[in-house]
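Architecture at a glance
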Amino acid sequence: MKHYTPLAWMMATAIAGTSMTACSLDSYEPEKPFTTCPVGKTSLVAYGLCPTETREVGTEPGALFTGDDIEWFNVATRELRFRDTIEPLRSQIPLLSGIDFYLGGEYLFTGGATLVGLVCSQVFDDLVLCCGTADGHTAPDDEHYYLYDCYPCIPQFINDERVKANRQRRSAQWQAFLKYLDAEGKLRR
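Residues numbered from 1 in each chain as written. Predicted model: local features only at pLDDT ≥ 70, side-chain atom pairs only at ≥ 80, totals over all residues. Heavy atoms only, no water.

1. Some thoughts on the overall build of the protein
- Along the protein, the regular secondary structure elements total five helices and ten strands.
- Put simply, the protein has 189 residues, and 34% of those count as buried.
- For the protein, restricting intrachain contacts to residue pairs at least 6 apart in sequence, the fraction spanning at least 24 positions comes to 51%.
- If you sum the accessible surface of the protein, you get close to 12,300 Å²; carbon and sulfur atoms cover 56% of it. (Helix = DSSP H or I, 4+ residues; strand = E, 2+ residues; numbered from the N terminus. Buried < 20%, exposed > 50% of the residue type's maximum accessible area, 1.4 Å probe, protein only. Contact = heavy atoms within 4.5 Å. Areas by Shrake-Rupley, 256 points an atom, 1.4 Å probe, with all protein chains shown as cover.)

Written out as structure tokens, the structure is:
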């Protein structure tokens, strides 16, 4: 009889567990097939960080632009075209200011970016948002913006080890940026 007591308890536990599971299966609905991303709409926001600007503690910088302000981005030329409604970035923050990109509320580019113009004589080995065209004009052009890996964007600097390392470090974030723009229908190839 002692041999059957533990067996009886195991059987009673198994039957009770099975009946509880069976009761919970009455309201079971099969999972719907995955068709779209269940996460809400992701947004892109870029904030300008002026090195000489003073702000109260706890206040955030103003948004320079959002994903809605972007008309398109050309992968080949790296041109970032804004809608006509956006105020020129140089009037919002001075050249050589930092820009932090956020995608879906998360910080996007490690190290941020720097706003530069073709009049800048400083060398940058990381991401820059350059205003102007490299077609012989030296004055900043408020209609043309380029998101480059370095500045100046010439082979001597593009092939520099630091630029390559920085490009590699942010490759996942760059792909997320391109994926976002592609999903929004703003990517040109």
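2. Quick word on the nonpolar core
- In terms of nonpolar packing, the biggest core is built from 29 residues, with Phe65, Phe73, Leu89, Ile99, Phe101, Leu129 and Phe177 touching the most fellow members.
- Looking at this core element by element, the count peaks at five residues for helix H5 (residues 171-183).
- Here Leu129 is in contact with Phe65, Leu80, Leu89, Ile99, Thr114, Leu115, Val116, Tyr145, Tyr146 and Leu147, once residues within four sequence places are set aside.
- Core analysis: the next-biggest nonpolar cluster, separate from the first, contains eight residues, Val116, Cys130, Tyr146 and Tyr148 among them. (Core = buried A, V, L, I, M, F, W, Y, C linked by side-chain atoms within 4.5 Å.)

3. Topic: the packing of aromatic side chains
- For the structure on display, the rule yields 13 aromatic pairs.
- Here a set of aromatic residues connected by ring pairs shows up, and it is made of Phe65, Phe73, Phe82, Phe101, Phe109, Tyr145, Trp174 and Phe177. (Phe/Tyr/Trp six-rings, centres within 6.5 Å; stacked < 30°, edge-to-face > 60°.)

4. Topic: the side chain of Glu79
- Tracing the backbone shows Glu79 in strand E4 (residues 79-82).
- Exposure remark for Glu79: the relative accessible area of 9% places this residue in the buried category.
- Within the structure, Glu79 has its side chain in polar contact with the side chain of Arg81 (distance 2.8 Å).
- Setting aside residues up to four positions removed in sequence, Glu79 forms contacts with Trp72, Phe73, Asn74, Glu143, His144, Tyr145 and Tyr146. (Polar contact = N/O pair within 3.5 Å; in protein donor to acceptor, adjacent residues only side chain to side chain.)

5. Points about H5
- With 13 residues, H5 should cover 18 Å at 1.5 Å per step; its first-to-last C-alpha distance of 18 Å lies within 8% of that length.
- In the core, the buried residues of H5 are packed alongside strand E1 (44-49), strand E3 (70-74), strand E5 (98-103), strand E9 (145-148) and strand E10 (187-188).
- Of the residues one or two after H5, Gly185 is the one with positive phi, at around 75 degrees. (Expected span 1.5 Å × (residues − 1).)

6. Section: the side chain of Asp149
- Relative to the assigned elements, Asp149 resides in the loop between E9 and helix H3 (155-158).
- Reaching out from Asp149, the side chain makes a polar contact with the side chain of Arg170 at a distance of 2.7 Å.
- Those residues within four positions of Asp149 in sequence are excluded, and the remaining contacts are Arg78, Asp125, Asp126, Leu127, Val163, Arg167 and Arg170.

7. Comments concerning the pattern of salt bridges
- Following the criterion strictly, the structure yields nine salt bridges and no others.
- A salt bridge links Asp149 to Arg78; its shortest N-O distance comes to 3.2 Å. Highlighted residues: Asp149 in the loop between E9 and H3 and Arg78 in the loop between E3 and E4, separated in sequence by 71 residues. Each member of the pair, Asp149 together with Arg78, is buried.
- For the salt bridge of Arg81 with Glu79, the shortest nitrogen-to-oxygen distance reads 2.8 Å.
- Judged by its relative accessible area of 24%, Arg81 is partly exposed.
- Each of Arg78, Asp126, Asp149, Arg167, Arg169 and Arg170 takes part in a single network of salt bridges with overlapping partners. (Salt bridge = Lys/Arg side-chain N within 4 Å of Asp/Glu carboxyl O.)

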